[in-house]
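Given next are the chains, with one letter for each unit.
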Amino acid sequence: MPDAPSSDPPRLNDSEPKDRAMNDGASKDGAPDVGAPPNGDRSGASADRSGASADRSGAGPDLARRHFFRAFADQIVHTAATVAGVAGELQRTSAEAASVILRGDVDQARRGAAPRDMDNPPAGAPAGFRTAFRWDDRRLILIDQRQLPNELVEVTCESPGDVVRAIRDMVVRGAPAMGQVAAIGLALAADQLRDAGPGIRRATLSGTVTALRNARPTAINVRWALDRCMAAIAAAGELSEDGARIAEVVRLEAEAIIAEAAADHERLATLALADLPVPADRRLELLTHCNTGPLACGQFGTALGVVQAAVHAGRDVHVFVDETRPYLQGARITAWELGQAGVPHTIIADAAAGWVFATRGVDAVLVGADRIAANGDTANKIGTYPLAVLAQRHGVPLYVCAPTSSVDLATPDGSLIPIEQRVRSELTTIRGVVIAPPESQALNPGFDVTPAELIGAIVTEEGVLRPPFGPGLVRAVEAAAARRRPVAADV
Ligand code: MRU
C-alpha cells in the first residue's frame, strides 16, 4: 500500500527548523512535490530557475519570459538595503503577542512539539499557531508547507524570482498569505531597482507583477495586493527619478497589507463566531475543508481563525477536518495547526462528510475562499462544492469566511473565475508511490465554484452577509477601501 497520510499526532523533528535555499525542494517539472518523501532525493529539484512563467501543463513555455526571469532572478544582488523595517517588526511582535495571548510557546513549535492527546488538550490551549512567513532585513523566510507535518523547514527567498517560485510551487499557499507574500516579492524587486532608471524600473516591476499574478491564477488576493502596490507607485509617480522613494512606498504598502490582514482576519473570525449556533449541552461541532489557518492567511486565519476565536472565548469546540484530496492540505496542514494549538479535531476522508453530517451532528461548515465573484459564487479548494451540497441536504449552514481582499467585484459570477489546473502526478501518486495506471488520464482542477445559493453566510471583516450577496459585497468592499489611507502620502 502507498504511504497514506497517518492519523497520528504531528511528527516533528527534534531539531530547529532547517533553513533551505529557495530552489531546494521544487520538483523538476515545477510540479508540486507533496508526494515526495520529506527527506527524499530532491537533487533534480532546482534545475529550473526560470520559474516565473513555467507552463505547468507542459504545453510549451514562453521562452522569452523564462529567459527574462532567469536573468532577472540571477541579477538580484544582496544589497544592504532592506525591506524589513516595520513589517518585520510587526511579524515579530505579532508572533510574540500571539504566543503570550495564547499562553503558548512559539519556540516549542520550532523545536518540535511533543505529540498531544487531542481529546484532552492542555489547559491554556491553543498555543503555537505559526505565521507562514517572516520578513527579514533582506530576505523573506517561509515555512515550507510542502514538508508539513513531517518536517518544520524554512525556505529563504532573496529575490522576486524566488518569491514567484515559492508561490508557484506551493512553498507558501492559501490566498491571503500568497497576496501578502506577493507584495513582499514586489518590495524586494523595488528595493533592487533603487538605482535603476525610471523606464527600466517600471518595466521590471510590471514584469514582476505579471509573474507573481500568473503563479497561482485563481487566488484573487495576489492580484489585489499587487494592484495596491502598483497604485501606491502610481501615486508616488511611477517614472520618478527617486528609486529609493519608490522602494520605500512599496515596502510601506506591503507592510500595510500584512498588518491590515492580521486585524481583518481576527475581526472576521470574531464576527463569524458570534453568528454560530451555541449548542446547549455539548461542544460546538465544526467541519472545515482545506487549510485556512495562519499558514494560509499570514497571521490569524480566516475559517480556522474562527476556531482560534472560539477557543480564545473559552468555547468547547471540536473540528472535523476534511483531508482535502489530492494535496491533503486538511490532513497535513490544518490538522498540524490544530494539533499545535491543542484543539480537538478529527481527520476525515472528504467522502466521509455525508456520513458525518448524518450520524455525528455538525453545527456549521467553515471554509475560506480563493475568489468570491460579485454575486457571491465562491471559488475554493476542490471539494467545497460537493461539501456545500451535502451541507444543504443536512441543513447545516455553510459559512464562507474570507476578507474583502478575496472579493472580485469585476467578475460577475463564478463561471468566469479561472480555475487552476494542476499536475497529474498530484492525483496519481502519494508520497512518490504511483497509485494509478500510468496510461490513465487524470483531471486535477485545484478549485471548484460553490454557487451562492448554497452559501448560508459570507463573513468578511466588514460584517456577516446573507443572500442575496451582491449588494452586501459591494458595501463591504467599499467600506474596507474607505478605511485605508494611501501610504505614498507618508513618504
Ligand atoms: O491550493 P491552496 O492550498 O493555496 O488553496 C487555498 C486554500 O487553502 C483554500 O482553498 C482556502 O480555503 C482559501 S485560502 C485561505
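Every chain is numbered independently, its residues counted from 1 as its sequence is written. Where local features are concerned, this predicted model is filtered to residues with pLDDT of at least 70; where side-chain atom pairs are given and counted, the filter is 80 or more; whole-chain, interface and lining totals use all residues.

**Q** Can you lay out unusual backbone geometry for me, pointing to particular residues and giving the numbers?
**A** Cis peptide bonds are those with omega within 30 degrees of zero, and the linkage from Leu 148 to Pro 149 qualifies with 5°. By the element assignment, Pro 149 lies in the loop between strand S3 (140–143) and strand S4 (153–157). Between Arg 325 and the following residue, Pro 326, the backbone shows a cis peptide bond with an omega angle of 0°. For helices the rule is a DSSP run of H or I covering at least 4 residues; for strands it is a run of E covering at least 2, with both sets numbered from the N terminus onward. Secondary-structure assignment places Pro 326 in the loop between strand S6 (317–322) and helix H11 (329–341).

**Q** Just give me the short version of the environment of Arg 475, but keep the residues and values in it.
**A** Its location among the elements puts Arg 475 in helix H15 (residues 469–483). Residue classification places Arg 475 among the partly exposed positions, given that 14 C-beta atoms sit within 10 Å. With 13 residues separating them along the chain, Arg 475 and Glu 462 place their C-alpha atoms 8.6 Å apart. Any residue with 12 or fewer other C-beta atoms within 10 Å of its own C-beta is exposed, any with 20 or more is buried, and the rest are partly exposed; the C-beta atoms used are placed from the backbone.

**Q** So, the sheet that holds strand S9 (residues 371–373): which residues are in play, and what are the values?
**A** Working definition: the strands of a sheet are paired by backbone hydrogen bonds and lie parallel or antiparallel to each other. In spatial order, the strands read S12-S9-S10-S15; together these four strands make up an open sheet with mixed pairing. This sheet does not close on itself; its edge strands, each paired only once, are strand S12 (407–408) and strand S15 (447–450). Strand pairing follows a simple DSSP-based rule, namely that at least 2 bridges must link the two strands. Pairing of S9 with S12 involves two bridges; the strand directions are parallel. Bridging across to S12, Ala 373 finds its partner in Asp 408. C-beta atoms are placed from the backbone for every residue, and two residues are taken to be in contact when these atoms lie within 7 Å. Axes here mean lines fitted to C-alpha atoms, for a helix over just the part in contact, with angles spanning 0 to 180 degrees between N-to-C directions. On the sheet, helix H13 (residues 384–393) packs against strand S10 (378–381) and S15 and is oriented at approximately 35° with respect to S15.

**Q** Give me the lowdown on the site of the ligand, citing residues and values where you can.
**A** Each residue receives a C-beta atom placed from its backbone. It is near a molecule or strand if this atom lies within 6 Å of it. Around the ligand, 18 residues are found, and the nearest of them are Arg 173, Cys 290, Ala 296, Gly 368 and Lys 381. Among the secondary structure elements, those contributing two or more residues to the shell around the ligand are helix H5 (175–192), helix H9 (294–297) and S10. The residue inventory of the shell around the ligand, partitioned by class, reads seven nonpolar, eight polar and three charged. Each of domain 1 (17–42 + 270–482) and domain 2 (60–264) gives at least three residues to the shell around the ligand. When residue character is reported, Ala, Val, Leu, Ile, Met, Phe, Trp, Tyr, Cys and Pro are called nonpolar, Asp, Glu, Lys and Arg charged, and the others, Gly included, polar. All domain edges in this entry derive from an automatic or database-based domain assignment.

**Q** Just give me the short version of the packing of helix H6 (residues 198–215) against helix H7 (residues 220–236), but keep the residues and values in it.
**A** Where H6 meets H7, the axes come as close as 9 Å, and the angle between the chain directions of the two elements is 165°. Relative to H7, H6 is oriented roughly antiparallel. Crossing geometry of H6 relative to H7 is assigned as right-handed. Here H6 contributes Val 209, Leu 212 and Arg 213 to the contact with H7, which in turn contributes Val 222, Arg 223, Leu 226 and Met 230. Each angle gets one of four labels, with under 35 degrees taken as roughly parallel, over 145 as roughly antiparallel, 65 to 115 as roughly perpendicular, and the rest as oblique. When the near helix sits turned anticlockwise from the far one by under a right angle, the crossing is termed left-handed; a clockwise turn instead gives a right-handed crossing.

**Q** So what's going on with the sheet that holds strand S8 (residues 364–367)? Residues and values would help.
**A** The seven strands are arranged S7-S6-S5-S8-S11-S16-S17 in an open sheet whose pairing can be described as mixed. Looking at the sheet topology across the chains shown, the edges are occupied by strand S7 (345–348) and strand S17 (463–465). For this sheet the average axis-to-axis angle between neighbouring strands, irrespective of direction, equals 25°. As paired elements, strand S16 (residues 457–460) and S17 share three bridges and run antiparallel to each other. Its bridge partner lying in S17, Val 459 is registered against Val 464. Sheet strands in contact with H15 are S16 and S17, and its direction is about 160° off that of S17.

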